[in-house]
Amino acid sequence: MEVTNMMKIGLQMISVQDMMAEDPVKAIQAVTAVGYKHLEFANHHARENYGVGFDITAKELRTVMADCGADCIGTHVVPMDMDNLKYIADYHLEAGCTRLTVCGTFYQTSDDLKRCCENLNAMGEYGKEVGLSLSYHNHFQEYFSLNGKRILDTIAAETNPNLVDLQLDTYWVYQGGYDAIEEIRHLGNRIVQLHQKDLPRGTELFYRGMDRLGIDRFNEKALREFSQGFVVTEIGDGVLDIQGIINAANQHTNAQYIILEHDGKKAHSEIDSISMS
C-alpha cells in the first residue's frame, strides 16, 4: 500500500462542551495541554452568535490559540446561509480561522436537495472571494436515496469541487449502512477532513434500527427523535476499524486532518475522555 498523505490529528471542541460553556479560554488551554493543537469548534446558534459560541470574541480566540501554539482548523456553523455568512466570515477571518463547515438537514424532496446544492455553491463562492474554505459535513441521512441516487452522491456531483469540500464523518457513514473505508475510496480527493467517533460494542446501527422499527426515511419528525439515541465511545474503545480508516484516507485522499469527536454521554470526565482517545 502506497501512502501518499499523512493526516494530522485534530479535536472537535464539542467533545468538551461543558468545559467550553464554563470558560472557553480555560477549555482551550486544557485541551492543548493534553496535546491537541489542531482545534475545530462548533456553534449551533449562529443566528445569535456569529463566532464559535460561548461569548468568546474573535480577538480573544486568536490570542489564546496563539498563546497555546494551536490553530483553528474549522468551525461547524449552524445555521449558516447567505443571510448570515458575511458576519460569520468576518468573525472567523479576524480569529484566524479559514474554514467553515455546514451540516445538512433531513431532505424531503429533490427540490430541497437542489436548493441545498445551490446554497452550498453560493456560500463557497463567497468564501473563496474573502479567503475562506467551505466544507459539507454528512450525517446518516445523506445515505438515503432520492430519485435512485444517494443524497451525498448528488451533493458531491452538484457542488463545485473548487468551492465546496467534503468533511466525511465515518461514524455516520456506518450508521447510514455503508462502509467508511469504501466511501473514502469512492469520494477520494473531495474529502479534505475526516470526523472520527467510535461505536460501542453491541450497538445496533441506525439503518438496521430504522428497518426494524419501520421508520419512514422521509418522516423528519420521526428521524429527529430516533437520531437522538446515538451512542459513542472513546476512539479506539469501540468496534470501528480506526486504523483501516486512517490508512484509506492517507492512501486515497489529500485529507489534512482526522478530527476526533465524542459528543455523546461519557463515562469519564471530558478531559479524561479526550486523553483516552
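Residues numbered from 1 in each chain as written. Predicted model: local features only at pLDDT ≥ 70, side-chain atom pairs only at ≥ 80, totals over all residues. Heavy atoms only, no water.

1. Comments concerning the packing of helix H2 (residues 24-34) against helix H3 (residues 58-67)
Cut-off, in case you're wondering: Note on geometry: axes are C-alpha line fits, over the in-contact stretch for helices, and angles between N-to-C directions span 0 to 180 degrees. Working definition: helices are DSSP H or I runs of at least four residues, strands are E runs of at least two. Numbering for both runs from the N terminus. Here is the rule for angles: anything less than 35 degrees is roughly parallel, anything more than 145 is roughly antiparallel, 65 through 115 is roughly perpendicular, and the remaining ranges are oblique. Whether a crossing is left-handed or right-handed is set by the direction in which the near helix is turned from the far one by less than a right angle, anticlockwise for left-handed and clockwise for right-handed. Note on contacts: a residue pair is in contact if any heavy atoms of the two residues lie within 4.5 Å. Charged residues are taken to be Asp, Glu, Lys and Arg, nonpolar residues to be Ala, Val, Leu, Ile, Met, Phe, Trp, Tyr, Cys and Pro, and polar residues to be all remaining types, Gly included.
At a closest axis distance of 10 Å, the pairing of H2 and H3 adopts a crossing angle of 25°. When the axes of H2 and H3 are compared, the pair comes out roughly parallel. In the crossing of H2 with H3, the sense of the turn from one axis to the other is right-handed. On the side of H2, the interface is formed by Val25, Ile28 and Gln29, while H3 contributes Leu61, Val64 and Met65. Among the residues making up the contact of H2 with H3, the classes are represented as five nonpolar, one polar and no charged.

2. Some points on unusual backbone geometry
Cut-off, in case you're wondering: Only protein chains enter the calculation, and the probe is 1.4 Å; a residue is then buried if its accessible area is under 20% of its type maximum, exposed if over 50%, and partly exposed in between.
The step from Val78 to Pro79 runs through a cis peptide bond, and the omega angle for that step is -10°. Unusually for a residue other than glycine, Phe54 sits at a positive phi of about 65°. With respect to the helices, strands and loops of the structure, Phe54 is situated in the loop between strand S2 (38-43) and H3. Residue classification places Phe54 among the partly exposed residues on the basis of a relative accessible area of 35%.

3. What about the pairing of strand S4 (residues 99-103)?
Along a regular strand, successive side chains alternate from one face of the sheet to the other. The line we're drawing: One bridge is not enough; two strands pair if DSSP finds at least two bridges between them. Throughout, right-handed denotes a crossover for which the path from the first strand over the helix to the second runs clockwise when the strands point away from the viewer.
With respect to burial, S4 is a largely interior element, five of its five residues being buried. Side chains Arg99, Thr101 and Cys103 of S4 all project onto a buried face; the interleaved residues Leu100 and Val102 project onto the opposite face, where all are buried too. Pairing of strand S3 (residues 71-77) with S4 involves two bridges; the strand directions are parallel. Paired with Thr75 across the bridge in S4 is Leu100. In this fold, S3 hands off to helix H4 (residues 85-95), which returns the chain to S4; that crossover is right-handed.

4. Quick notes on helix H11 (residues 242-252)
By the burial criterion, the buried members of H11 are Ile242, Gly244, Ile245, Ala248, Ala249 and Asn250. Taken together, the buried residues of H11 touch helix H7 (170-175), helix H8 (180-187) and strand S9 (191-196).

5. Remarks on the sheet that holds S2
The strand order around the closed barrel formed by eight strands is S1-S2-S3-S4-S5-S8-S9-S10, and the pairing between neighbours is parallel. Each strand of the sheet is rotated relative to its neighbour by a mean of 30°, with strand direction disregarded. Running over the sheet, helix H5 (residues 110-130) touches S4, strand S5 (133-137) and strand S8 (164-169) and is turned about 155° from S5.

6. Some points on the side chain of Thr170
Summarising the element assignment, Thr170 is placed in helix H7. Accessibility expressed as a relative area gives 0% for Thr170, which makes it buried. When sequence neighbours within four positions are dropped, the list of residues in contact with Thr170 reads Ala180, Leu194, His195, Gln196 and Ile245.

7. Points about the pattern of salt bridges
As a reminder of what qualifies: One side-chain nitrogen of Lys or Arg within 4 Å of one carboxyl oxygen of Asp or Glu is enough to make a salt bridge.
All chains considered together, the criterion is met by 14 salt bridges. Across the pair Asp90 and Lys86 runs a salt bridge, and its minimum N-O distance is 2.9 Å. With Asp90 and Lys86 both in helix H4 and four residues apart, this pair spans about one turn of that helix. A salt bridge links Arg115 to Asp112, with the nearest nitrogen and oxygen atoms 2.6 Å apart. Of the two residues, Arg115 and Asp112 both sit in helix H5, three residues apart, roughly one turn of that helix.

8. Quick look at the pairing of S9
Of all six residues that make up S9, six are buried, and the element is covered over most of its length. Pairing geometry for S8 and S9, over four bridges, is parallel. Opposite Gln167, over in S9, you have Gln193 as the bridge partner. By the bridge criterion, four bridges tie S9 to strand S10 (residues 257-260) in an arrangement that is parallel. Across the sheet, the residue bridging to Gln196 is Leu260, located in S10.

9. Points about the packing of H4 against H5
When two helices pack together, their arrangement is given by the angle between the helix axes and the distance between those axes. One way to put it is that H4 packs onto H5 with a least axis distance of 11 Å and a crossing angle of 35°. Every pair of crossing elements has a handedness; the one defined by H4 and H5 is right-handed. Of H5, the residues touching H4 (which contributes Leu85, Lys86, Ala89 and Leu93) are Met123, Tyr126 and Val130. Of the residues belonging to the contact of H4 with H5, the class tally is six nonpolar, no polar and one charged.

10. What to know about H4
The condition is simple: Of all possible arcs, the one meant is that of the directions from the helix axis to the C-beta atoms.
Buried residues of H4: Leu85, Ile88, Ala89, Tyr91, His92 and Ala95, and no others. Down the axis of H4, the buried side of the element spans an arc of 165°, and every buried residue falls inside it. Where H4 is buried, its residues contact H3, S3, S4 and H5. Gly96 sits one or two residues past H4 and shows a positive phi near 85°.

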